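Observations on the three-dimensional arrangement
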Amino acid sequence: ETAPIFEAVGLAKGGYYSAPEALEAVKEYARRAELTGAGNREATQITLDTTLCDALFKGVLKKGEVWPTHISKARSGRR
């Protein structure tokens, strides 16, 4: 469910976005929700809250797999 991510950053939930635009929305969401290391530009991890975890992994993980709590900033653009 990606709609909450787009809405949180002021984008239309039903809009069509390119991969770079969607990645920027995720990065902006993480920044606004303070999931990127509290302003630390050197931080390499994004903490996944429930909303972001669902947007990135719901429907991808198989039953019984552990939901991640962090993702590397470099990996966030590879889905």
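The present account deals with the structure reproduced in this document. For clarity, every value in this text was computed on a predicted model and none was experimentally measured.

Turning our eyes to something else, we now look at unusual backbone geometry. Excluding glycine, residues mostly carry a negative phi; peptide bonds, for their part, are mostly trans. Phi is positive for Glu34, close to 55°, though the residue is something other than glycine. Inspection of the secondary structure puts Glu34 in the loop between helix 2 (19-32) and strand 1 (45-47). Residue class for Glu34 comes out exposed when judged on its relative accessible area of 65%.

To continue, consider the nonpolar core. Here is a general trend for soluble globular proteins: nonpolar side chains tend to be buried in one another's company. With 16 residues, the main nonpolar core has Ile5, Tyr29, Leu35, Ile46, Leu48, Leu52 and Phe57 as its most contacted residues. Of all the secondary structure elements, the ones that give two or more residues to this core are helix 1 (3-8), helix 2 and helix 3 (50-57). Looking at this core, the element that brings in the most residues is helix 3, giving five residues. When neighbours within four sequence positions are excluded, Leu35 is seen to be in contact with Tyr29, Ala30, Gln45, Ile46, Thr47, Asp49 and Leu52.

What follows is about the pattern of salt bridges. Scanning all chains against the criterion turns up four salt bridges. Residues Lys13 and Glu7 are paired through a salt bridge, measuring 4.0 Å at the closest nitrogen-oxygen approach. The class of Glu7 is partly exposed, set by a relative accessible area of 45%. With a shortest N-O distance of 2.5 Å, Arg31 and Glu28 are connected by a salt bridge. A residue pair is termed a helical-turn pair when its members lie 3 or 4 positions apart in one helix, as Arg31 and Glu28 do in helix 2 at three residues. Several salt bridges share partner residues, and in doing so they unite Glu28, Arg31 and Arg32 into one network.

Thresholds applied
Residues numbered from 1 in each chain as written. Predicted model: local features only at pLDDT ≥ 70, side-chain atom pairs only at ≥ 80, totals over all residues. Heavy atoms only, no water. Helix = DSSP H or I, 4+ residues; strand = E, 2+ residues; numbered from the N terminus. Buried < 20%, exposed > 50% of the residue type's maximum accessible area, 1.4 Å probe, protein only. Core = buried A, V, L, I, M, F, W, Y, C linked by side-chain atoms within 4.5 Å. Contact = heavy atoms within 4.5 Å. Salt bridge = Lys/Arg side-chain N within 4 Å of Asp/Glu carboxyl O.

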